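Fold and contact review
Now for the letters of each chain:
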Amino acid sequence: MIRYALICDNGHGFESWFASSSGFDEQARRGLVACPFCDSIKIERGVMAPAVARTDRGPRPAEQAEPAEAPAAAAPAAPAPVALMGEKEVAFRAMLTALHEHVAKNAEHVGPRFAEEALKIHHGESEGRAIYGEATPEDAKMLNEEGVDFLPLPKLPGARN
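The rules we used
- Residues numbered from 1 in each chain as written.
- Predicted model: local features only at pLDDT ≥ 70, side-chain atom pairs only at ≥ 80, totals over all residues.
- Heavy atoms only, no water.
- Helix = DSSP H or I, 4+ residues; strand = E, 2+ residues; numbered from the N terminus.
- Buried < 20%, exposed > 50% of the residue type's maximum accessible area, 1.4 Å probe, protein only.
- Phe/Tyr/Trp six-rings, centres within 6.5 Å; stacked < 30°, edge-to-face > 60°.
- 1 Å grid on protein atoms, 1.4 Å probe; cavity = no way out; pocket = protein on both sides within 12 Å on 5 of 7 lines; lining within 4 Å.
- Points joined across faces, edges and corners; volume = space filled by probe spheres on them.
- Nonpolar A, V, L, I, M, F, W, Y, C, P; charged D, E, K, R; others polar.
- Pairing = 2+ DSSP bridges.
- Axes fitted to C-alpha atoms, helices over the stretch in contact; angles between N-to-C directions.

Inspection of the secondary structure assignment puts Leu99 in helix 2 (residues 87–106). For Leu99, a relative accessible area of 38% corresponds to the partly exposed category. For the pair formed by Leu99 and Leu153, sequence separation is 54 residues and the distance between their alpha carbons is 8.7 Å.

As C-alpha cells, this is what we get:
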C-alpha cells in the first residue's frame, strides 16, 4: 500500500491510500479519485517527503517522538463522500433510468407472466401490445426458440452501489 498526498484543481489537499502507483494512475484516469471537499476529479499527486526509517540511531523512546505535523488544509468535521463514479458512469445510469421510465410509461407490466403473455401475443391469442415483466433464463430460451422478439432490460443499480 502507498499513501499519496493529493491536490485537486481547486487547491484542496487531501491524502488517500492506493495498492500501487499504477493503481492511483488507473483510478485517476477513470475518474474514480475525487476531492472530498469539492468533488473535482482533476486530481494530481502533491509533493511528499518519503518516510524513511533511520537505523543509525536505534529506536527512539515514545516520549521523545516528535508530534505529527498539522495537515496543510484543515479538514471538515465530517468529510464529504468521495465519488466512486466518473462522468461516463453517471451518464450511463441516467440513460438507464430514463429507459426504465419510458418502458414503465409506455408498456404494460405483466410481472412473472411475461413469457406466457409474450407467447400469447406472438401466436395471436392475445391483443398485440407492449409488455414488460420478469422471465427466467429457461423462459427466455423458450421464447427465443419460438421466434418471439424480446429484449432484456438491465436492472437499475441501487443508489449506493
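On to the packing of aromatic side chains, then. The full count for this structure, using the stated rule, is three aromatic pairs. Their ring planes at 40 degrees and their centres at 6.1 Å tell us that Tyr4 and Phe18 sit as a pair that is tilted. Separated by 14 residues along the polypeptide, Tyr4 in strand 1 (residues 2–8) and Phe18 in strand 2 (residues 13–18) bring together distant segments of the chain. Phe18 shares its class with Tyr4; the two are buried. Given the relative accessible area of 3%, Phe18 is considered buried.

Let us look at the layout of surface pockets. Of the volumes computed, that of the second largest pocket is approximately 750 Å³. What lines the second largest pocket is a set of 24 residues, and nearest its centre among them are Phe114, Tyr132, Gly133, Leu151 and Leu153. Elements with a minimum of two residues in the lining of the second largest pocket: helix 2, helix 3 (114–122) and strand 5 (131–133). Considering every element that reaches the lining of the second largest pocket, the biggest residue donor is helix 2, with four residues. Broken down by class, the residue content of the lining of the second largest pocket amounts to 16 nonpolar, four polar and four charged.

Across the sheet, three strands lie side by side as 2-1-3; this open sheet has antiparallel pairing. Only two strands of the sheet have a single partner each, and these edge strands are strand 2 and strand 3 (43–45). Taken over all neighbouring pairs, the strand axes of this sheet differ in orientation by 40 degrees on average, direction set aside. Where strand 1 and strand 2 come together, six bridges link them in antiparallel fashion. Looking at strand 2, one finds that Ala5 is bridged to Glu15.

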